[in-house]
Amino acid sequence: MTKTLSKDEALFQFLLRLGDNTLVLGHRVSEWCGHSPVLEEDIALANTALDMIGQTQFWLGLAGEVEGKGKTADNLAFLRDVWDFRNLLLVEQPNGDFGQTMMRQFLFDAWHSIMLGRLLKSSDQRVADIAEKASKEVAYHLERSADTVVGLGDGTEESHAKMQAALDLLWPYVGEMFVGDEVDAEMVKADIAPDPASLRDEYDALVGRILADATLTVPDSKFAHKGGKTGTRHSEHLGHILTQMQWLQRAYPGATW
Amino acid sequence: MKNEWPLWEVFIRGQHGMSHRHVGSLHAPDAEMAIKNARDVYTRRNEGVSIWVVEAAHIAASSPGDKGPLYEPSNSKVYRHPTFFDIPEDVGAM
């Protein structure tokens, strides 16, 4: 791409990425509501989903403000189509079984907690403030998903096999978190956010430690599916999510409470 | 059921200075997860500052059938209750 981005254009894209991650994963996790294996997990997953939707309101709210076209968080969440979404491919992947959902959550939470930790020092106070609020929730999400990954990975033969299968399936979606582009370069230049690649060592150490506790083997491959955070190549799953999530606005445009 | 997680009783301290109160029970594979589940099930709306959990099987309980010998003798001894004192408002929760 030869087009140069202004700082605000890049910040807008960066905020969409953060907000779309929590929006899409929040929606995915909410699909468990009423279907979890036990009541306690059902409530915990619903709480996690709600936390993420709450974070979405902040990120997309700020995105709308930065864009300066009068859009609210709701406008951005419900009136964009697939190609405008900027979430990681990982978060749009299907829930699968409970173990697969918790593995996806753990792989995301680990990155999310490290990212928010860096954003606490953002030169943009609005970004730092949202990161501070979200990081407390995410610290808990990570504790919970990591415990569950260890419990199931180091559990029965069946649960171990399912968790290893989930890890093998989802690992190719991890690499995208650490791939930078011109948006990230602009954020680094403005001291707003870190270079994504700079999170990798901390991520590998954290994830490696938990997966070792879980007696799981990290796949020996750096292959990474890409195209979610740039919006150039979402998987087919995102379209299906949006038909559900945006159904009301599509059927009744402009409907309000 | 053999594969069922054990039952845990949950106690929450609503605010500093108050004692923990029994709020309900839940299932969890171990104590740590029981505290996490309690956090999600019972403190979502800022209800507490501290959580205790104890496996229900470890609670020794009195038998309802013994209520005669256990409690009735005190019914007629009102002088055991400090209800004749006015407690100043400033004392706060007791």
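Below is a short write-up of the structure. None of these values were measured; they are calculated from a predicted model.

### Some points on the overall build of chain B
- Within chain B, the secondary structure is distributed over two helices and three strands.
- Listed by position from the N terminus, the elements making up chain B come as β-β-α-β-α.
- Here the C-alpha atoms of chain B give a radius of gyration of 18 Å, more than 25% beyond the 12 Å that 2.2 N^0.38 yields for 94 residues.
- When its C-alpha atoms are laid out on the principal axes, chain B stretches across 50 × 40 × 15 Å.
- Within chain B, the fraction of its 94 residues that count as buried is 18%.
- Put simply, 42% of the contacts in chain B that link residues at least 6 apart link residues at least 24 apart.
- Total accessible area on chain B stands at roughly 7,400 Å², and carbon and sulfur atoms take up 54% of it.
- Taking the 10 positively charged and 12 negatively charged side chains of chain B as two groups, their mean positions are separated by 2 Å.

### Thoughts on the layout of surface pockets
- Space inside the largest pocket adds up to approximately 750 Å³.
- Along the wall of the largest pocket there are 29 residues; nearest its centre are A:Phe98, A:Thr148, A:Gly151, A:Leu152 and B:Trp5.
- Breaking the lining of the largest pocket down by element, the ones donating at least two residues are helix 2 (39-67), helix 5 (98-119), helix 6 (125-153) and helix 7 (157-170) of chain A together with helix 1 (31-42) of chain B.
- Element by element, the count of residues in the lining of the largest pocket is highest for helix 6 of chain A, at six residues.
- Computed from the structure, the second largest pocket encloses a volume of approximately 380 Å³.
- Elements that contribute at least two residues to the lining of the second largest pocket include exactly helix 3 (73-78) and helix 11 (247-251) of chain A.
- The dominant element in the lining of the second largest pocket, judged by the number of residues it contributes, is helix 3 of chain A, at three residues.
- Residues belonging to the lining of the second largest pocket are distributed by class as follows: six nonpolar, four polar and one charged.

### Thoughts on the environment of A:Thr217
All names here are of chain A.
- For Thr 217, the position within the fold is in the loop between helix 9 (200-213) and helix 10 (236-245).
- A sequence separation of 49 residues divides Thr 217 from Asp 168, and the C-alpha atoms of the two residues are 8.7 Å apart.
- Dropping the residues within four chain positions of it, Thr 217 is found in contact with Gln 164, Leu 167 and Asp 168.

### Things to note about helix 1 (residues 7-30) of chain A
- Its 24 residues give helix 1 of chain A an end-to-end C-alpha distance of 34 Å, which sits within 8% of 34 Å, the value for a rise of 1.5 Å per residue.
- For helix 1 of chain A, a buried count of 20 out of 24 residues is recorded, marking the element as mostly surrounded by other parts of the structure.

### With respect to the interface of chain B and chain A
- On the chain A side, the residues contacting the eleven residues of chain B number 13 residues.
- Taking both sides of the interface into account, the surface hidden between chain B and chain A amounts to around 1,100 Å²; carbon and sulfur atoms contribute 50%.
- When residues of chain B are sorted by the area they lose upon contact with chain A, B:Lys36, B:Asp40 and B:Arg44 head the list and together hold 46% of the total.
- Put simply, chain B and chain A have four salt bridges between them.
- For the pair chain B and chain A, the number of links is ten residue pairs in polar contact (both at pLDDT 80 or more).
- Elements represented by at least two residues in the side of chain B that touches chain A include exactly strand 2 (20-27) and helix 1 of chain B.
- Take the side of chain B that touches chain A: its biggest share by element is seven residues, from helix 1 of chain B.
- Grouping the amino acids of the side of chain B that touches chain A by side-chain chemistry returns four nonpolar, two polar and five charged.

### Digging into the side chain of A:Gln100
- Checked against the element boundaries, A:Gln100 lands in helix 5.
- Aside from chain neighbours lying at most four places away, what touches A:Gln100 is A:Pro94, A:Asn95, A:Ala166, A:Leu169 and A:Leu170.

### A look at empty space enclosed by the protein
Residues and elements named next belong to chain A.
- On inspection of all chains with the given rule, the structure shows two cavities of 30 Å³ or more.
- Arg 17, Asn 21, Trp 111, Met 115 and Lys 229 are, among the 13 residues lining the largest cavity, the residues nearest its centre.
- Counting only elements with at least two residues in the lining of the largest cavity, the list comes to helix 1 and helix 5.
- If you add up the space inside the second largest cavity, you get close to 70 Å³.
- What lines the second largest cavity is simply Glu 41, Ala 44, Leu 45, Thr 48, Met 102, Gln 105, His 141, Arg 144 and Ser 145.

### What to know about the sheet that holds strand 3 (residues 50-55) of chain B
All names here are of chain B.
- One open sheet accounts for three strands, arranged 2-1-3; its pairing is antiparallel. At either end of the open sheet lies a strand with only one pairing partner, and these are strand 2 and strand 3. Each neighbouring strand pair of the sheet contributes to a mean axis angle of 25°, computed without reference to strand direction.
- Bridging between strand 1 (residues 7-13) and strand 3 involves six bridges; their strand directions are antiparallel. Looking at strand 3, one finds that Val 10 is bridged to Val 53.
- Against the sheet, helix 1 contacts strand 1, strand 2 and strand 3, and its axis sits at roughly 105° relative to strand 2.

Conventions used here
Residues numbered from 1 in each chain as written. Chains lettered and ligands numbered in written order. Predicted model: local features only at pLDDT ≥ 70, side-chain atom pairs only at ≥ 80, totals over all residues. Heavy atoms only, no water. Helix = DSSP H or I, 4+ residues; strand = E, 2+ residues; numbered from the N terminus. Rg over C-alpha atoms; globule rule 2.2 N^0.38 Å. Buried < 20%, exposed > 50% of the residue type's maximum accessible area, 1.4 Å probe, protein only. Contact = heavy atoms within 4.5 Å. Areas by Shrake-Rupley, 256 points an atom, 1.4 Å probe, with all protein chains shown as cover. Lys, Arg positive; Asp, Glu negative; His and termini not counted. Charge placed at Lys NZ, Arg CZ, Asp CG, Glu CD. 1 Å grid on protein atoms, 1.4 Å probe; cavity = no way out; pocket = protein on both sides within 12 Å on 5 of 7 lines; lining within 4 Å. Points joined across faces, edges and corners; volume = space filled by probe spheres on them. Nonpolar A, V, L, I, M, F, W, Y, C, P; charged D, E, K, R; others polar. Expected span 1.5 Å × (residues − 1). Buried area = accessible area lost by both parts, 1.4 Å probe. Salt bridge = Lys/Arg side-chain N within 4 Å of Asp/Glu carboxyl O. Polar contact = N/O pair within 3.5 Å; in protein donor to acceptor, adjacent residues only side chain to side chain. Pairing = 2+ DSSP bridges. Axes fitted to C-alpha atoms, helices over the stretch in contact; angles between N-to-C directions.

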